[in-house]
Amino acid sequence: MADFSWDIRGPLDRALVAGAYGAQGDAGVSLTEIRNFDLVQVMARRGKAGETAKAAKARFGIAAPETPRAVAAADATLIWSGPDQFLVLSKDGRHSIESLAIVFAGSASLSDQSHARALISVSGDKARAMLAKLSSIDLHPDVFGVGAAAATSMDHTSVTLWRGNDRSGQAVFNLLVFATFAESLWHTILDSAAEYGVTIGHSEEL
Amino acid sequence: MRGDQANRLNNGGLIDRSTPLNFRFDGKTFSGFKGDTLASALVANGVKLVGRSFKYHRPRGILTAGSEEPNALVELRSGARREPNTKATTAELYEGLEAASQNRWPSLNFDVMSVNQLFAPIFVAGFYYKTFMWPAKFWETIYEPAIRRAAGLGRAAGVSDPDHYDKAWAHCDVAIAGSGPAGLAAALAAGRSGARVILCEEDFVLGGRLLADGDTIDGLPASEWVARAVAELEAMPDVRIMTRTTLFGVYDGGTYGAIERVNDHLPVPPEHQVRQRLWRIVAKRCVVAAGAIERPIVFAGNDTPGVMMASAMRSYINRYAAAPARRIALFTNNEDGWRTAETAIAAGLQVAAVIDARPDVSPAHRSLASKGGFSVLHGAVAGVDGGKGGIRKISVSLSGGARAEVEADGLAVSGGWNPAVGLTSYHRGRPKWRDDIAAFVPDGAPPGMVAAGAANGAFGLGACLREGFEAGAAAARDAGRSGSIGSMPVADDEAFSLTPLWHVAGKGKAFVDQQHDVTASDVELAQREGFESVEHLKRYTTLGMATDQGKTSNVAGLAIMAAVSGKSIPETGTTIYRPPYVPVAIGAFAGHHRDENFHATRLTPSHHWAAEQGAIFVDTGLWKRAQWYPRAGEKDWLESVTREVKAVRSGVGFCDVSTLGKIDVHGPDAGAFLDRVYINAFSSLAVGKARYGLMLREDGIVYDDGTTSRLAEDHYFLTTTTAKAGLVMQHLEFCRQVLFPELDVQLTSVSDQWAQFSIAGPKTRDLLKEVVDPGEDLSNEGFPFMGAREVALRGGLKARLFRISFSGEMAFEISVPARYGEAMARNLMIAGKPLGITPYGTEALGVMRIEKGHVAGPELNGTTTAGDLGLGKMMSTKKDFIGRVMAGREALTASNRQVVVGIKPTDKARRLRSGAHIIPKGETPGPDNDQGYITSVCFSPVLDQWIGLGLVERGRERIGEIVRAHDPLRGEDYDVELCNSVFYDPDGGRQRG
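**Concerning the overall build of chain B**
The helix and strand tally for chain B stands at 25 helices and 49 strands. Here the C-alpha coordinates of chain B stretch approximately 115 × 70 × 55 Å along the principal axes. Counting only residues that meet the buried cut, chain B has 55% of its 993 residues in that class. For chain B, the share of sequence-separated contacts (at least 6 apart) that also reach a separation of at least 24 residues comes to 67%.

Laid out in structure tokens, this is it:
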């Protein structure tokens, strides 16, 4: 019998080179790929939006977003992805599709997207300036506050963009991109960020 | 000449005399200062001749000091960065700048083509059409190349631009175009009220005309007021000041285009920086404070180097401390022009005379003249005696009829001012004529936009400040901002008095459009020949069609047309205004999207593994797909592909098919939903089974095909072709949301979730046994053809296994979550090593599908029906489905339709090529006898010959018939036999075995 293993290879494993990139000096943009997350698409069945919302509230302790927003529960983030649907982002199998299937049985259809996306977290003084090259969304703090979300496109590529909680006083923008587009968008991001100086890393922490 | 700057004034100017900059013009070294433009530095160095004109190669100098410049166009930089037709008047000077004059040979001073002037009578308006009509075939081969060599402007670099460009979005409450008094006042009012403001200024310094014309605002010298205003604006966090940025267009929904020349003022952009950036500014309101453009008066010799707009002369003297001439004459028809005389005197220059076209001048100006010792001549400039060395003498026709001569080396001209009505007119707006200022002003504007100040016809400084401030305040208010706007800046309004004068009759060429060499007599000729409409005038004479878009010439041209056609100027009207306001590099519009970044790229989960294997990739839509895997010693693609096919047909191979679209279809009504979108039934499909499905468009034509599996009662897994993945998803969403909202069904794209591989060949089971958990039954009984279910793999991973075959061999498709895709490829290679496993690419995949007669993109070409593809029997008669009714139309069911059939050459050694037309034997090729064409071809390793599929009229009834394959594109004509489209294993025993 052949001896083989099931190593995981993320869509950015090769393109991402941790460290500094672009202009020298203090990095204006910080890019962190978040790896190995669970992501489940929850879509309420016809006429079951109320039940789905109730089930979500019971499971996560917070209401699922009904408008383009991302809400943080204790161990998951619920991100609006369309009318009567949202994504559940979590770690370590706490909200895997198998466990959520029981929660939403009869009220919602679930689809596993854990491998379908790459998650990139963008912060730094120049994060907004860099993202303005990629996104038509107004990211001014008064307009796109913590928890704001958008299903939009960057570089002709579909992305889900949301603003997470600030980290060390700085805004954090998260973007979920389809896995097969990830390397291409990553290069575009690097090109856009290079003039500000970039620090690149990856993390297993959401 | 280094460091000469003979015409630099000793004092004043907004130049930094502590930072001298060296530059080269036509190979000669000069120096200027930081703060200069190339034009001002040339003026400071006494250079008057800077270019040759487009058609007549006449010597030309510098006419203006801004982006309206028609003459002083140069090639900036060299090599790959050479930038033709760059306006010297806006090019910022930098150390080492290199520029060359254009359209001359061998040199600017001695230009052979200036003989064109001698032939001027034949170069009149419309001369291309008149002179080069016959013989027609000479146009492309002789006339056009010759004309192109002789006429034209700068030379493109001819090689790829080494610099980068990007694009960005910005959002604000109020966008302001222009930072003159009106723009700054608007920004102050809007900014103070709390609005988010973007102030765009095309110059590299803020202030607009205030930089040249001084004046007093709020009791302060203008320069000081500007500095204070800018400081106040810079302290506001939501005010963004963008210099070197031209707001060039207005688009739908309050979106504005702007071009920022980020690093044009440097020889080479710093590392990691772009040269230019294209902005899309989304603004709730927009204030156009783009000012006005001083207009020339058309007279003989008005293009002589040394003739300059009066306001430009003030700019050079006051802003740049550079004297365009030592002894200046002024020709004006308005009060404002006189400021140039005042400026010249203040700078210690001589004023030779003021030629004023108005009947009278003010007492103040009379006393200025007597103090300054120059005469005031009532009349008009009738001609200029001069040439490439500049002006020698000016001839004046006095209003009494007498003539006078003025000796001067510079002539300032002011014919009044034209508001910059471009932006306000870009949505098909037509400006309206105002008699009091003899100019067109905006008549309304696109939604959310308003003009203020000189751009709105308010020429007094006080009025500019007032209009700007009020427009800024109103715009902010409309955007919902209500903060205190503070006090309005105040200044006096200058007297405005103008007597319109457009054209002075005289001997010699009088230019209307200097960049395109259109003269007053060309306009008159156009009228005589019937091209009287301004739109015809423009096209016939090319007036206003040069890179400056007629900023200094359009109004004069139509005024002359009005005069000769006996109409008023408003009756004559204006041409349509279109963006961009200034030329914008195509590179800026492309931004990041060039070369390998032309579009986004999609990579399959096993891409990097395939690259390691040396795969050749092919672009399939956005995807990179492994096309074949060459091995050492193979001489061409055909040898590699043939090997791959043979390996699959005799052993086992695998191919990444993750590019197929994959859609989760969920919900209690999923089966009913699929029944409606597919022509065949899916609600009857058992859990654990897969079925081939075909969907039609509403019009009955085939849309897409693929295999759909039922994984649970309420969960189907649908696949699409690679090409149609996104479109089918859209189509299904449309069906779900709009056509069948009553169905309880949910859709999610899972194309990126799963890495999917096709494993094919008689040894497939032997391979899978090594990969799949030994507890899984893969026998025909345990996993029959078209079975589909989840299985465990060795090592515990779950996978989905589908027993489907595109190759015609015993085959499975296996899916694992995408991040395991690369491991799957590696593990298949490890497990399959004893079996001689062979990875194969899209070419081998295509060969095997043609051998099996499976239809693909070339046959699903948007014109074929299910019947054409031989799949008519799949159309269920027991249910309704999209396209059913329309598929029954007479023409779609006609017996003579072109249908899929197999094709093989009668000469076994011949290569087939797709695209060849099918003609009956003995008939002449042509549309009447065209019976179809070859859609797909391949070399079949199994049959050891080329085979193909075709769409041929009544093809299936004609099996065995010999027809002609006629290929005029490749010059081929040969006989082929129509045959069964399934070339290989027609009864399908191998895939079921």
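**What about the packing of helix α4 (residues 181–192) of chain B against helix α11 (residues 461–478) of chain B?**
When two helices pack together, their arrangement is given by the angle between their axes and by how far apart the axes lie. Residues and elements named next belong to chain B. Where α4 contacts α11, the axes come no closer than 7 Å and their chain directions differ by 35°. Crossing of α4 over α11 shows right-handed handedness. On α11, the residues that touch Pro-181, Ala-182, Gly-183, Ala-185, Ala-186, Ala-187, Leu-188, Ala-189 and Ala-190 of α4 are Leu-461, Cys-464, Leu-465, Glu-467, Gly-468, Phe-469, Ala-471, Gly-472, Ala-473, Ala-475 and Ala-476. Residues of the contact of α4 with α11, tallied by class, amount to 16 nonpolar, 3 polar and 1 charged.

**Some remarks on the domain arrangement of chain B**
If you check the domain split of chain B, you get domain 1 (1–159), domain 2 (165–292 + 420–478), domain 3 (303–415), domain 4 (501–572), domain 5 (622–892) and domain 6 (895–993). Taken over C-alpha atoms, the centre of domain 2 of chain B sits 30 Å from the centre of domain 4 of chain B.

**Topic: the sheet that holds strand β6 (residues 83–87) of chain B**
Residues and elements named next belong to chain B. Spatially, the 5 strands line up as an open sheet ordered β2-β1-β7-β5-β6, and their pairing is mixed. A strand with exactly one partner marks an edge of an open sheet, and here the two such strands are β2 (28–34) and β6. Going from strand to strand, the sheet's axes swing by 40° on average, the running direction of each strand aside. One ladder, built from 3 bridges, connects strand β1 (residues 16–25) with strand β7 (residues 97–101); its direction is parallel. Bridge pairing in β7 links Phe-23 to Leu-97.

**Side note on the environment of B:Leu14**
Residue and element names in this part refer to chain B. Looking at where Leu-14 falls in the secondary structure, it is placed in the segment before β1. With 16 C-beta atoms packed within 10 Å, Leu-14 lands in the partly exposed category. For the pair Leu-14 and Gln-514, spaced 500 residues apart in the sequence, the C-alpha separation amounts to 29 Å. If we skip the residues at most four places from it in the chain, Leu-14 touches Gly-35, Val-205, Leu-211 and Arg-319.

**Observations concerning the interface of chain A and chain B**
At the junction of the two partners, chain A supplies 44 residues and chain B supplies 39 residues. Elements supplying a minimum of two residues to the side of chain A that touches chain B: β3 (38–44), β7 (108–112) and α4 (179–193) of chain A. Split into classes, the residues belonging to the side of chain A that touches chain B amount to 14 nonpolar, 18 polar and 12 charged.

**So, the nonpolar core**
Most often, soluble globular proteins keep nonpolar side chains buried together rather than apart. All names here are of chain B. Ranked by size, the top nonpolar core spans 354 residues in total, and within it Val-174, Ala-175, Ile-176, Ala-186, Val-287, Ala-329 and Leu-411 carry the most contacts. When residues in this core are grouped by element, the largest group, 9 residues, is from α11. When near neighbours in sequence (up to four residues on either side) are disregarded, Val-174 contacts Ala-190, Ala-195, Val-197, Ala-283, Arg-285, Val-287, Gly-472, Ala-475, Ala-476 and Ala-479.

**A look at unusual backbone geometry**
Residue and element names in this part refer to chain B. The step from Pro-579 to Pro-580 runs through a cis peptide bond, and the omega angle for that step is 0°. Its location among the elements puts Pro-580 in the loop between α15 (569–572) and α16 (586–590). Even without being a glycine, His-272 presents a positive backbone phi close to 75°. Mapped onto the elements, His-272 comes out in the loop between β14 (255–260) and β15 (276–288). One non-glycine residue, Ala-321, lies in the positive phi region at around 50°. By secondary structure assignment, the location of Ala-321 is in the loop between α7 (310–319) and β18 (327–332). Judged by the 25 C-beta atoms lying within 10 Å of it, Ala-321 is buried.

**Regarding the sheet that holds strand β37 (residues 715–720) of chain B**
Residue and element names in this part refer to chain B. Read across the open sheet, the 5 strands follow the order β35-β36-β37-β34-β38; overall the sheet is antiparallel. Both edges of this open sheet fall to β35 (690–696) and β38 (746–749), since each of them pairs with a single strand only. Neighbour-to-neighbour, the strand axes of the sheet open up by a mean angle of 30°, direction not taken into account. Two strands pair when backbone bridges link them, and β35 and strand β36 (residues 702–712) are joined in this way by 7 bridges, in the antiparallel orientation. The partner of Leu-696 across the bridge, within β36, is Val-702. Of the strands in this sheet, β34 (661–666), β35, β36 and β37 touch helix α19 (residues 670–677), which is tilted by about 130° from β34. Sheet strands touched by helix α20 (residues 725–739): β34, β36, β37 and β38. Its angle to β34, the strand with the most contacts, is close to 20°.

**A look at the pairing of strand β12 (residues 198–203) of chain A**
All names here are of chain A. As defined by bridge partners, strand β1 (residues 19–21) adjoins β12 across 3 bridges and the pair is classed as antiparallel. Considered in β12, the bridge of Tyr-21 is made with Val-198. Two elements, strand β2 (residues 29–34) and β12, share 6 bridges in a ladder whose sense is parallel. Within β12, the residue paired with Ile-34 across the bridge is Ser-203.

**Here's the deal with the pairing of β38(B)**
All names here are of chain B. Of the two faces of β38, both are covered, the one formed by Gln-746 and Thr-748 as well as the one formed by Leu-747 and Ser-749. Bridge count for β34 against β38 is 4 bridges, and the pairing is antiparallel. Within β38, the residue paired with Val-665 across the bridge is Leu-747.

**A look at the domain arrangement of chain A**
Residue and element names in this part refer to chain A. Domain annotation of chain A identifies domain 1 (19–35 + 115–203) and domain 2 (38–112). Centre-to-centre separation of domain 1 and domain 2, based on C-alpha positions: 24 Å. With 9 residues of domain 1 in contact, the opposing surface of domain 2 contributes 10 residues. Contributing elements (two or more residues each) for the side of domain 1 that touches domain 2: β9 (149–154) and β10 (157–163). Take the side of domain 1 that touches domain 2: its biggest share by element is 3 residues, from β9.

**Notes on α4(B)**
All names here are of chain B. The first and last C-alpha atoms of α4 sit 16 Å apart over 12 residues, in line with the 16 Å expected at 1.5 Å per residue. In terms of burial, α4 is largely enclosed, as 12 of its 12 residues are buried. For α4, every residue scored as buried is listed here: Pro-181, Ala-182, Gly-183, Leu-184, Ala-185, Ala-186, Ala-187, Leu-188, Ala-189, Ala-190, Gly-191 and Arg-192. Immediately beyond the C-terminal end of α4, within one or two residues, lies Gly-194, with a positive phi of roughly 95°.

Calculation notes
- Residues numbered from 1 in each chain as written.
- Chains lettered and ligands numbered in written order.
- Predicted model: local features only at pLDDT ≥ 70, side-chain atom pairs only at ≥ 80, totals over all residues.
- Helix = DSSP H or I, 4+ residues; strand = E, 2+ residues; numbered from the N terminus.
- Buried ≥ 20, exposed ≤ 12 C-beta atoms within 10 Å, placed from the backbone.
- Contact = placed C-beta atoms within 7 Å.
- Axes fitted to C-alpha atoms, helices over the stretch in contact; angles between N-to-C directions.
- Left-handed = near helix turned anticlockwise from the far one by under 90°.
- Nonpolar A, V, L, I, M, F, W, Y, C, P; charged D, E, K, R; others polar.
- Domains from an automatic or database assignment.
- Pairing = 2+ DSSP bridges.
- Core = buried A, V, L, I, M, F, W, Y, C linked by C-beta atoms within 7 Å.
- Expected span 1.5 Å × (residues − 1).

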